[in-house]
Amino acid sequence: MKIKKIPFSEIKGISVGNAENHEGKTGVTTFYFPTPATAAMKIFGGGPASREISVLDIEREDVPLNALIFGGGSSFGLEASTGAQKCLEESGIGIDTGPAKVPILCQSDIYDLSYGDSTIRPDYTMGYESCKNAMTENNPLSGNVGVGIGATVGKARGIGYSQKSGIGYAAAQIGDIQVGVAAVVNAYGDIYYHGQKIAGMLNEDLTDFADATEALYDLQPQNLFTGNTTLVAIFTNGLLAKSDLLKCINMGSAGMARAIRPVFTMADGDTIYCISVGDQKVKTDVNVVGTLAAELIEEAIKDAVISVAQ
């Protein structure tokens, strides 16, 4: 069956909102699910900054997810989800526990403190604004927007030799099955598309690319592993259990490995989510979603890099 590329905004059951601070060069992107979603996640890197991700463990109760937050500010920025949670609560969204409805949301953050003003981080207000925007209208914007405003790549020799990146999107449809990917590309490594380097670490005089993998080998004795993390979310209207979503994550990670070199290092908090969204889910094969996710992750990573130059 033929693959049809579609705008990410056509993915049913998800709405995207952004908020940012241009002085701090940091921001938040909220993915809101009008119909609570089924989700799984896996951390591939060594240094994640995250909140409430344990609720997505396949050994835990299948708790429906109301929103996913991607933010900057490293662990400081996790405050943003408190504002987003308040925004959801005000709209009566969440699990009814009797005394209160408790919105369920997860958050993962990139490290962008070395790019802008490190004293300005995503906070309660920014999280609230981003969530409110997501609930009001759907704006999956690429490049320097939301969490993408502080993203950079190719930092094996530090921020001075890096290039700007951002947030990117890609989506496709096979029959009734929709798959979309959002990627915040803030990588230690270089970025490739179909085997060709398109962004990454620069050489000493900043005139051409250097090789982040070679730099990793050269810098082995030193502890320079700070300032990274690539975040990916796979969204599908496929009717998949948590275990199936986790399989899609593992299959999809192949696309991340093709696009970022080196990847999944102890310098990165690389994390992938897979989320079944919408109120009219379609039966599907996990192999279809996982294979397509790998292709779309490559495309979304490319979009994150290319969009900042446009």
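Here, the structure is the one placed above.
In total, this model carries 7 aromatic pairs according to the counting rule given. Ring geometry for Phe8 and Phe235: centres 5.8 Å apart, planes at 75°, overall edge-to-face. Of this pair, Phe8 sits in the loop between β1 (4–5) and β2 (15–21) while Phe235 sits in strand β15 (residues 231–236), and the two are 227 residues apart along the sequence. With a relative accessible area of 0%, Phe235 lands in the buried category. Between Phe70 and Tyr273, the aromatic rings sit 6.0 Å apart at their centres with planes inclined by 50°, giving tilted as the arrangement. Note that Phe70 is positioned in strand β5 (residues 65–71) and Tyr273 in strand β17 (residues 271–276), a separation of 203 residues in sequence. Note on Phe70: relative accessible area 0%, which makes it buried. Tyr273 sits in the buried class, given a relative accessible area of 0%.

Here Ile58 shows up in the loop between β4 (49–51) and β5. Through-space distance from the C-alpha of Ile58 to that of Ala241 is 9.2 Å; in sequence the pair is 183 residues apart. Setting aside its immediate chain neighbours within four residues, Ile58 contacts Lys242, Ser243 and Leu246.

Bringing helix α5 (residues 286–307) into the picture now. Over its 22 residues, α5 runs 30 Å from end to end, which matches the ideal 32 Å to within 8%, given 1.5 Å per residue. Its side-chain oxygen placed 2.6 Å from the backbone nitrogen of Asn287, Asp285 serves as the N-cap of α5.

The residue Ile43 is located in strand β3 (residues 26–43) in this model. Here Ile43 falls in the partly exposed class, since its relative accessible area comes to 31%. Expressed as a C-alpha distance, the spacing of Ile43 and Ala212, which sit 169 residues apart in the sequence, is 22 Å. For Ile43, the contacting residues outside a window of four places in its chain are Pro48, Ile53, Asp270 and Thr271.

A separate point is unusual backbone geometry. For the peptide bond that leads from Arg261 to Pro262, omega is -10°, which places it in the cis range. Following the sequence through the fold, Pro262 ends up in the loop between β16 (260–261) and β17. Positive phi values are uncommon outside glycine, yet His194 reaches one of about 50°. Tracing the chain through its elements places His194 in the loop between β13 (190–193) and β14 (196–199). The exposure class of His194 is exposed, given its relative accessible area of 60%. Positive phi values are uncommon outside glycine, yet Leu206 reaches one of about 60°.

A few words on the pairing of β17. Most of β17 is tucked away: 6 of the 6 residues are buried. Of the two faces of β17, the one lined by Thr271, Tyr273 and Ile275 and the one lined by Ile272, Cys274 and Ser276 are each fully buried. As judged from the 6 bridges shared by β3 and β17, these two strands associate in the antiparallel manner. Its bridge partner lying in β17, Ile43 is registered against Thr271. One ladder, built from 6 bridges, connects β15 with β17; its direction is parallel. What sits directly across from Leu231, in β17, is Thr271.

Cut-offs used in this document
- Residues numbered from 1 in each chain as written.
- Predicted model: local features only at pLDDT ≥ 70, side-chain atom pairs only at ≥ 80, totals over all residues.
- Heavy atoms only, no water.
- Phe/Tyr/Trp six-rings, centres within 6.5 Å; stacked < 30°, edge-to-face > 60°.
- Helix = DSSP H or I, 4+ residues; strand = E, 2+ residues; numbered from the N terminus.
- Buried < 20%, exposed > 50% of the residue type's maximum accessible area, 1.4 Å probe, protein only.
- Contact = heavy atoms within 4.5 Å.
- Expected span 1.5 Å × (residues − 1).
- Polar contact = N/O pair within 3.5 Å; in protein donor to acceptor, adjacent residues only side chain to side chain.
- Pairing = 2+ DSSP bridges.

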